[in-house]
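A closer look at the structure
Residue-level listing of the chains:
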Amino acid sequence: MSQRWQGLHLEPLWWGLFSAGGVCFAVFVPAAALVFGVLAPLGVIELNYLKLHVWYGSWWGLMFTGTVICLPAFHAAHRIRHGLHDLKVGGGCWSILICYGIAAIVSVSALWVWFNA
Amino acid sequence: MAYKPNLQRTWWLQHRFFRAYMLREATVLPLVFLLCSLLAGVYSLTSADAFIAWQGFMAKPWVIVIHTLALLASFYHALTFFQLFPRVMPIRLGDKSVPAVVMIAAQWSGTLTVIALFLWLFGGGL
Amino acid sequence: MHKEIQIKRYLPEEHAEPFWQTFRVPYDETTSVLGALNYIKEELDSTVSFRWSCRMAICGSCGYMVNGIPKLGCKDFVRNYPAALRIEPLAHFTVERDLMVAMDEFLQHLEAVKPYLIAEPSEPHKPHRQTPAQLAKYKQFANCINCGLCYAACPQFGLNPEFVGPGAIALAHRYNLDSRDQGKAKRMPVLNTHDGVWSCTFVGFCSDVCPKGVDPAAAVNQGKVESAKSMLIQMFRGGA
Ligand code: SF4
Ligand code: FES
């Protein structure tokens, strides 16, 4: 029992989520930022509510949620936690709890929205 | 007898390399804002009125500015991340390792493909 | 040609605080930073202390901060600095005297990762065979000369002196990748800790300053993948 858990911690999990989120931030987020953050608000692209609603309810919507919201959220949480350490701010359990906690809340609420869509 | 200088919290201002590092880490700040906007967006899909309100929010000039920053940040992040990836996970085929430039080019083509896909999909292809 | 060279002095018997001292040193195209220091010691002020030995980037003892960047004195040239030239002891280490730092702060970490072949003795007089492909896997990481420049470049080591650090982790990785070695299980517990590979945020400056092209940052981050695997295996097997 003690042997099994000796020296284990959650760092590999956070790093795995950070890396997966980093890939998504580099591959999927640019497109989402361009379309939803810049082109649609400027009127270059016309978003259609009904079509979006139907599309989001499909499996594509789940993939969108995972790659553009959930994983990048954990990527951001990890960088902010280490960035705080770099600036000699906070540290220890509190940074971990607050950073990943917020990422988890964002992810769960995004998934919750999809399940109810 | 000896002395040890203490690292100041402004250490990253001392050198160009460290400033670039901090800029890389800071790319997540506009990202966080974008994530919240997109979360609000998927939430607003529950009703047409909410969606119109969300579109109104997204069209505010200061919001567009932050989202443009997020777009630029995502490109800067991609630039740095794609360079680091082949060093963390070098791929070997037989005795030869795949050259880093090939892996970097493959990753950029992924990003560009997704942009093309999104433009087609949300620009009327849905 | 002459150059004004500033050196950060520390003489604990005479002054409680470090202070800057300027020397005027003749130089030409071939004068290394170490050459300039040796001129100062021989001709201008014999009390200036610094370490060196090989003069050819092999012994790793002549590391100093030159204009704020970790450099080997023997591999860096005065001609590279048309403006000011300021020499300080390596950053992030305790300074004992002038340009001499307490290298054991790095060597302790190095010792902890057992940077040597750990292998069952083979039959006497039989060589350990290794193919060129097996050699290629770790060769780059074997070029380390333990100079400690990467520690002076690493803000994570500066923030947390317990961090095992780039050079030691690069050497641990070098032996873990060696087909003749069987010591990985002994090294992983050190690398798996918070102060092991997980303190690194891939700043990457260590690899920039490394005089031997080791790329310690790549070693540390490949080490994260290995550490994650090792911890998963421990969890499922119920022991290391
Ligand atoms: S990895 Fe490079 S910089 Fe670090 S101790 Fe070894 S040779 Fe020096
Ligand atoms: S004197 Fe040996 S490395 Fe510079």
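Because the structure is a prediction, the values reported are computed rather than measured.

**Considering the site of ligand 1**
Taken together, Cys144(C), Ile145(C), Asn146(C), Cys147(C), Gly148(C), Leu149(C), Cys150(C), Cys210(C), Pro211(C), Lys212(C), Val214(C) and Pro216(C) are the residues near ligand 1. Its residues placed into classes, the shell around ligand 1 shows nine nonpolar, two polar and one charged.

**Thoughts on the interface of chain B and chain A**
Taken residue by residue, the interface counts 51 residues in chain B and 48 residues in chain A. Both faces considered, chain B and chain A share a buried interface measuring about 4500 Å² in area, 79% of it formed by carbon and sulfur atoms. Remark: the boundary between chain B and chain A carries one salt bridge. With a closest N to O distance of 3.3 Å, Glu25(B) and Arg79(A) form a salt bridge.

**A look at the side chain of Lys3(C)**
All names here are of chain C. Relative to the assigned elements, Lys 3 resides in strand E1 (residues 2-9). Within the buried set, Lys 3 has no salt-bridge partner at all; the shortest N-O distance to an opposite charge, 10.0 Å, is to Glu 4. Not counting the four nearest positions on each side in its chain, Lys 3 is found in contact with Phe 23, Arg 24, Val 25, Tyr 27, Val 78, Tyr 81, Pro 82, Ala 83 and Leu 85.

**Quick notes on a nonpolar patch on the surface**
Taken together, the side chains of Trp94(A), Leu97(A), Ile98(A) and Ile102(A) present a nonpolar region at the surface, about 480 Å² in accessible area. With respect to the element layout, Ile102(A) can be found in helix H6 (residues 92-116).

**Here's the deal with the sheet that holds strand E5 (residues 85-88) of chain C**
Residue and element names in this part refer to chain C. Read from one edge to the other, the open sheet built from five strands follows the order E2-E1-E5-E3-E4, with strand pairing classed as mixed. Pairing within the sheet leaves two strands with one partner each, and these edge strands are strand E2 (19-26) and strand E4 (69-72). Strand-to-strand twist in this sheet, taken as the mean axis angle between neighbours without regard to direction, amounts to 35°. Pairing analysis gives eight bridges linking E1 to E2, with the strands arranged antiparallel.

**Looking at the UniProt feature "transmembrane region" (unreviewed entry) in chain A**
As annotated by UniProt and renumbered to match this structure, "transmembrane region" (unreviewed entry) occupies residues 12-39, 59-77 and 89-115 of chain A. For residues 59-77 of chain A, helix accounts for 100% and strand for 0%, while the C-alpha atoms at its two ends are 26 Å apart.

**A look at the packing of helix H2 (residues 11-27) of chain A against helix H5 (residues 59-86) of chain A**
All names here are of chain A. Where H2 contacts H5, the axes come no closer than 7 Å and their chain directions differ by 125°. Relative to H5, the element H2 lies oblique. Our pair here, H2 against H5, has a crossing hand that is left-handed. Mapping the contact onto sequence places Glu 11, Trp 14, Trp 15, Leu 17, Phe 18, Ala 20, Gly 21, Gly 22, Cys 24 and Phe 25 in H2 and Thr 67, Leu 71, Pro 72, Phe 74, His 75, His 78, Arg 79 and Arg 81 in H5. Partitioned by chemical class, the residues of the contact of H2 with H5 number ten nonpolar, five polar and three charged.

**Considering the UniProt feature "transmembrane region" (unreviewed entry) in chain B**
Annotation from UniProt places "transmembrane region" (unreviewed entry) at residues 21-42, 62-85 and 97-122 of chain B. With 95% helix and 0% strand, residues 21-42 of chain B has end C-alpha atoms that lie 33 Å from one another.

**Points about the packing of aromatic side chains**
One pass over the full model with this rule turns up 26 aromatic pairs over all chains. Aromatic side chains Trp11(B) and Phe18(B) sit 5.3 Å apart centroid to centroid with 80° between the ring planes, which places their arrangement in the edge-to-face category. For the pair Trp11(B) and Phe18(B), one class covers both residues: buried. Relative to Tyr64(C), the ring of Phe50(C) has its centre 6.5 Å away and its plane inclined at 85°; by these criteria the two rings are edge-to-face. Of the two residues, Phe50(C) sits in the loop between helix H1 (33-44) and strand E3 (63-66) while Tyr64(C) sits in strand E3, which places them 14 residues apart along the sequence. Note on accessibility: Phe50(C) and Tyr64(C) belong to one class, buried. The ring of Phe77(C) has Arg79(C) lying over it, and the distance from NZ or CZ to the ring centre is 4.4 Å.

**Re the pattern of salt bridges**
All names here are of chain C. Applying the stated criterion across every chain, the model contains 13 salt bridges over all chains. Here Asp 45 ties to Arg 9 by a salt bridge, and the two come within 3.2 Å at their closest N and O atoms. With Asp 45 in the loop between H1 and E3 and Arg 9 in strand E1, the pair connects residues that are 36 residues apart, well separated along the chain. Taking relative accessible area as the criterion, Arg 9 reaches 1% and is therefore assigned buried. The salt bridge involving Lys 184 is made with Glu 226; its shortest N-O contact spans 2.7 Å. One end of the pair, Lys 184, is in helix H7 (residues 184-192); the other, Glu 226, is in helix H9 (residues 216-237), with 42 residues separating them in the sequence.

**What about the confidence of the model for chain A?**
Close reading of the predicted structure is inappropriate where its pLDDT is low. When pLDDT is averaged along chain A, the result is 94, and 98% of the positions lie at 70 or above. Ranking the helices and strands of chain A by mean pLDDT puts helix H3 (residues 29-39) of chain A first, with 98, and helix H1 (residues 2-5) of chain A last, with 77.

**Brief notes about helix H2 (residues 28-44) of chain B**
Taking 1.5 Å of rise per residue, the 17 residues of H2(B) would be expected to cover 24 Å, and the 24 Å separating its terminal C-alpha atoms lies within 8% of that figure. Every buried residue of H2(B) is accounted for by Val28(B), Pro30(B), Leu31(B), Leu34(B), Leu35(B), Ser37(B), Leu38(B), Leu39(B), Gly41(B), Val42(B) and Ser44(B).

**A closer look at the interface of chain C and chain A**
Contact with chain C, which involves 19 residues of that partner, is made by 14 residues of chain A. Around 1500 Å² of area is buried between chain C and chain A when both sides are counted, 66% of it from carbon and sulfur atoms. Between chain C and chain A we count zero salt bridges in total. Our count for the chain C to chain A interface comes out at five residue pairs in polar contact (both at pLDDT 80 or more). If you list the elements that add at least two residues to the side of chain C that touches chain A, you get helix H5 (155-159) and H9 of chain C. A class-by-class count of the residues in the side of chain C that touches chain A yields eight nonpolar, nine polar and two charged.

**Examining the side chain of Glu11(A)**
Tracing the chain through its elements places Glu11(A) in helix H2. By relative accessible area, which is 4% here, Glu11(A) ends up buried. Sequence-distant contacts of Glu11(A), defined by excluding residues within four places in its chain, comprise His78(A), Arg81(A), His194(C) and Trp198(C).

**A word on the environment of Phe75(B)**
Checked against the element boundaries, Phe75(B) lands in helix H4 (residues 61-88). Between the C-alpha atoms of Phe75(B) and Arg9(B), which are 66 residues apart in sequence, the distance is 27 Å. Contacts of Phe75(B), omitting those with residues within four sequence positions, involve Pro30(A), Trp108(B) and Ile115(B).

Reading the values: rules and limits
- Residues numbered from 1 in each chain as written.
- Chains lettered and ligands numbered in written order.
- Predicted model: local features only at pLDDT ≥ 70, side-chain atom pairs only at ≥ 80, totals over all residues.
- Heavy atoms only, no water.
- Near = heavy atom within 4 Å.
- Nonpolar A, V, L, I, M, F, W, Y, C, P; charged D, E, K, R; others polar.
- Contact = heavy atoms within 4.5 Å.
- Buried area = accessible area lost by both parts, 1.4 Å probe.
- Salt bridge = Lys/Arg side-chain N within 4 Å of Asp/Glu carboxyl O.
- Helix = DSSP H or I, 4+ residues; strand = E, 2+ residues; numbered from the N terminus.
- Buried < 20%, exposed > 50% of the residue type's maximum accessible area, 1.4 Å probe, protein only.
- Lys, Arg positive; Asp, Glu negative; His and termini not counted.
- Patch = residues over 30% accessible without salt bridge, like charges linked within 9 Å, V, L, I, M, F, W, Y side chains within 5 Å.
- Areas by Shrake-Rupley, 256 points an atom, 1.4 Å probe, with all protein chains shown as cover.
- Pairing = 2+ DSSP bridges.
- Axes fitted to C-alpha atoms, helices over the stretch in contact; angles between N-to-C directions.
- UniProt positions renumbered as here; feature names shortened; annotations may be inferred.
- Parallel < 35°, antiparallel > 145°, perpendicular 65-115°, else oblique.
- Left-handed = near helix turned anticlockwise from the far one by under 90°.
- Phe/Tyr/Trp six-rings, centres within 6.5 Å; stacked < 30°, edge-to-face > 60°.
- Lys NZ or Arg CZ within 6 Å of the ring centre and 35° of its normal.
- pLDDT = per-residue confidence, 0-100.
- Expected span 1.5 Å × (residues − 1).
- Polar contact = N/O pair within 3.5 Å; in protein donor to acceptor, adjacent residues only side chain to side chain.

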